[in-house]
Amino acid sequence: LSDISHATPKPYTLAFNTNPPFSSTANGQPQGIAINIISQLFQRAKLPYQFSETPLVRAMTNAKTTEKYCAFPVQRAQQIEADYQWISPILITHSGLFARQDFSRVLLTLNDAKKIKVGVLRGSGDAEYLKALGFSVEETNSQEQNLAKLRAKRFDLWAADNLSANFFIAQHGSKNAIAKELLTFRITLGSLACHINMPQADVAKLQATLDSMITEGVLQKK
């Protein structure tokens, strides 16, 4: 009985997809802005955790069906608000439309792009947002694939968080700058989305810890 009562609590599985500079893996180790924030959050809250690199759609599905499972960073949106317990905001993200350098049309509003096919990250808030507005989208499993398809003229516009998009654009060097941002079309909260039955004590502890980190300016330093 003593051994049972002192058993180590089951850790939370924290699933992320490869999306630099927010989250990725190098030499088998998770790294990135969101990884650093989440690590510090759980360490401060004294809750056990383990990371799992998982495609975004699968991670969000698992977070719906599996206890002690969370996905991050997830763009918080009204359509999925009731599906998860939320710890938020981990990040504030700005989503933009990017085009090749030879793209000549002027886009003053998002509606100006409605008849143009847009590349999006599968399962992302941007993908669901644009589909709900009636946009024609092509979904891929990574932003790197989206950039490659944009270069290959598989589509003319790419919707992505500007930090992530600029990270991949920079990999090609300034001499080969192959994409430019045309407009920012929405601002969202990048959040931790957890199973709906997550213990309220853990929700409260994590949210209070995150609020303290925000007050201290820890998130701005990441």
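So, a few notes on the structure that sits alongside this text. The residue numbers shown here count from 1 along each chain, following its written sequence. Given that the model is predicted, a residue must reach a pLDDT of at least 70 before its local features are reported, and side-chain atom pairs must reach 80 or more before they are shown or counted; all residues, however, enter totals for whole chains, interfaces and linings. Hydrogens and waters are ignored; side-chain quantities use all the structure's heavy atoms.

1. Describing helix 6 (residues 162-170)
Convention followed: Between buried and exposed lies partly exposed: a residue is buried under 20% and exposed over 50% of the maximum accessible area for its type, with that area taken using a 1.4 Å probe on protein chains only. Strands are runs of DSSP state E lasting at least two residues, helices are runs of H or I lasting at least four, and both sets are numbered from the N terminus onward. Throughout, the arc means that of the directions going from the helix axis to the C-beta atoms. Two residues qualify as a contact provided that any one of their heavy atoms is within 4.5 Å of a heavy atom in the partner residue. Each polar contact in these results corresponds to two N or O atoms within 3.5 Å; when the atoms are within protein, one needs to be able to donate a hydrogen and the other to accept it, and residues that are neighboring in sequence are counted only if both atoms are side-chain atoms.
Along helix 6, the positions that sit buried rather than exposed are Asn162, Ser164, Ala165, Phe168 and Ile169. Taken down its axis, helix 6 places every buried residue within 165° of arc, on the same side. Looking at the buried residues of helix 6, the elements they touch are strand 6 (85-99), helix 5 (143-151), strand 9 (157-161) and strand 10 (180-194). Its side-chain oxygen placed 2.9 Å from the backbone nitrogen of Leu163, Asp161 serves as the N-cap of helix 6.

2. What to know about the pattern of salt bridges
We apply this condition: In the sections that follow, a salt bridge refers to a side-chain nitrogen of Lys or Arg positioned within 4 Å of a carboxyl oxygen of Asp or Glu.
For the structure shown, the criterion picks out 12 salt bridges. The partner of Asp102 in a salt bridge is Arg100, and the shortest N-O contact between them spans 3.4 Å. Several salt bridges share partner residues, and in doing so they unite Arg100, Asp102, Lys153 and Asp156 into one network.

3. Digging into the packing of helix 2 (residues 33-45) against helix 7 (residues 200-216)
To keep things clear, this is the line we draw: Fitted lines through C-alpha atoms give the axes, limited to the stretch in contact for helices. The angle between two N-to-C directions lies from 0 to 180 degrees. In what follows, roughly perpendicular refers to angles from 65 to 115 degrees, roughly parallel to angles under 35, roughly antiparallel to angles over 145, and oblique to any angle outside these ranges. Crossing handedness is read from the near helix: turned anticlockwise from the far helix by less than a right angle, it gives a left-handed crossing, and turned clockwise, a right-handed one.
It is the contact of helix 2 with helix 7, at a shortest axis distance of 9 Å, that shows an interaxial angle of 120°. Here helix 2 is positioned oblique relative to helix 7, judged by the angle of their axes. The two elements helix 2 and helix 7 cross, and the hand of that crossing is right-handed. Contact with helix 2, carried on its side by Ile37, Gln40, Leu41, Phe42, Arg44 and Ala45, involves Lys205, Leu206, Thr209, Leu210, Met213 and Glu216 of helix 7 and no other residues of that element.

4. Observations regarding unusual backbone geometry
Here the amide bond leading from Pro20 into Pro21 is cis, since omega sits at 5°, within 30 degrees of zero. The omega angle of the peptide bond from Ser88 to Pro89 is -5°, so this bond is cis rather than trans. With respect to the helices and strands, the residue Pro89 is situated in strand 6. With a phi close to 55°, Asn27 is a non-glycine residue in the positive phi region. Looking at the element boundaries, Asn27 is found in the loop between strand 2 (24-26) and strand 3 (29-31). Judged by relative accessible area, Asn27 falls into the exposed class, the value being 82%. Look at Lys68: it is not a glycine, yet its phi comes out positive at around 60°. One can find Lys68 in the loop between helix 3 (56-65) and strand 5 (69-75).

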